[in-house]
Amino acid sequence: MDLTPEDAKLVTLARTSRARLGVAQGAAVRDLDGRTYTSATVHLDTLRVSALDLAVAMAVSSGAKGLEAAALVTEGDVPVGLDSVIEFGGAGVTVVVADPAGAVDTVLST
C-alpha cells in the first residue's frame, strides 16, 4: 500500500519508538501544524498507557489544536483503540496500522 511521504514518516517514527524500548507498540501523530509526537507503550505496575493514547496526550500537552494523521506499529494481535484520536482529532484523521517491519496492515479513518 502506498502512503504519502508524510504518513510513511509517521510509520518510521513509530517503528523507531517501538524498537528503541522493545515494547509491543510504537506510535506517532502529526498535528495540524505538521509537528510530530512519538511514543511507545507504557506498562508499569501502576500505569498502563497505549502508545497511541500517549502520542495524542503529548500533542495535547504541547498545545496542538488537532490531528492530521497517526501511525501505530504493533506486534501481534493487539486491539487498536482510536478513542483518543477521535476525541481530539475528530473526523477525517488517517490512522495507519503497520507491523514491526513497517508493512501496512490497514489504513483507517476517523
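Residues numbered from 1 in each chain as written. Predicted model: local features only at pLDDT ≥ 70, side-chain atom pairs only at ≥ 80, totals over all residues. Heavy atoms only, no water.

Notes on the pattern of salt bridges
To keep things clear, this is the line we draw: Counted as salt bridges are all cases of a side-chain nitrogen of Lys or Arg within 4 Å of a carboxyl oxygen of Asp or Glu. Helix and strand assignments come from DSSP, with helices taken as H or I runs of at least 4 residues and strands as E runs of at least 2, each series counted from the N terminus. Summary of the burial criterion: residues with accessible area below 20% of their type's maximum are buried, those above 50% are exposed, and those between are partly exposed, where the area comes from a 1.4 Å probe applied to protein chains only.
Inspection of the entire model under this criterion finds 5 salt bridges. Here arginine 30 makes a salt bridge to glutamate 68, at a shortest N to O gap of 2.7 Å. Separated by 38 residues along the polypeptide, arginine 30 in strand 1 (residues 25-31) and glutamate 68 in strand 5 (residues 67-74) bring together distant segments of the chain. Residue classification places glutamate 68 among the partly exposed residues on the basis of a relative accessible area of 34%. Of the charged contacts in the structure, one is a salt bridge between aspartate 31 and arginine 35, with a shortest N-O distance of 2.8 Å. Of the residues examined, aspartate 31 reaches a relative accessible area of 0% and is grouped as buried.

Let's talk about the side chain of glutamine 25
The condition that has to hold: We call two residues contacting when some pair of their heavy atoms lies within 4.5 Å.
With respect to the helices and strands, glutamine 25 occurs in strand 1. Setting aside its immediate chain neighbours within four residues, glutamine 25 contacts Arg18, Ala40, Thr41, Ser50, Ala51, Leu72, Val73, Thr74, Val78 and Pro79.

Observations regarding the nonpolar core
A general feature of soluble globular proteins is that nonpolar side chains tend to end up buried together. To keep it simple, the criterion reads: What we call a nonpolar core is a set of buried Ala, Val, Leu, Ile, Met, Phe, Trp, Tyr and Cys residues that are connected through their side-chain atoms within 4.5 Å.
Formed by 17 residues in total, the largest nonpolar core has its most connected members in Ala27, Val29, Leu52, Ala59, Leu67, Val85 and Val95. At the level of elements, strand 1, helix 2 (51-61), strand 5 and strand 6 (94-98) are the ones that each hand at least two residues to this core. Ranked by the residues each element gives to this core, the list is headed by helix 2, at 5 residues. Every residue in contact with valine 29, bar those within four places of it in the chain, is listed here: Leu10, Arg35, Thr36, Tyr37, Leu52, Ala55, Val56, Ala59, Leu67, Ala69 and Ala70. Of all hydrophobic cores here, the second largest spans 9 residues; its members include Ala14, Ala28, Ala69 and Ala98.

Quick look at the sheet that holds strand 2 (residues 36-40)
How we decide: Two strands make a pair as long as DSSP finds a minimum of two bridges between them. Axis definition: a line fitted to C-alpha atoms, over the contacting stretch in the case of helices. Angles run 0 to 180 degrees between N-to-C directions.
One open sheet accounts for 5 strands, arranged 2-1-5-6-7; its pairing is mixed. Pairing within the sheet leaves two strands with one partner each, and these edge strands are strand 2 and strand 7 (104-109). Across the sheet, the mean angle from the axis of one strand to that of its neighbour is 15°, orientation sign disregarded. Note: strand 1 against strand 2, 5 bridges, orientation antiparallel. The residue bridging alanine 28 from the neighbouring strand is threonine 38, located in strand 2. Contacting strand 1, strand 2, strand 5 and strand 6, helix 1 (residues 5-21) crosses the sheet at an angle of about 145° to strand 1. Sheet strands touched by helix 2: strand 1, strand 2 and strand 5. Its angle to strand 2, the strand with the most contacts, is close to 145°.

Here's the deal with the pairing of strand 6
The criterion, for reference: The definition of a right-handed crossover adopted here requires that, viewed with the strands pointing away, the path from the first strand over the helix to the second runs clockwise.
With respect to burial, strand 6 is a largely interior element, 4 of its 5 residues being buried. Two elements, strand 5 and strand 6, share 5 bridges in a ladder whose sense is parallel. Note on strand 6: the bridge partner recorded for valine 73 is alanine 98. At this point the chain moves from strand 5, through helix 3 (residues 83-89), to the parallel strand 6, and the crossover so formed is right-handed. With 5 bridges joining them, strand 6 and strand 7 adopt antiparallel strand pairing. Pairing of valine 95 across the sheet is with leucine 108, part of strand 7.

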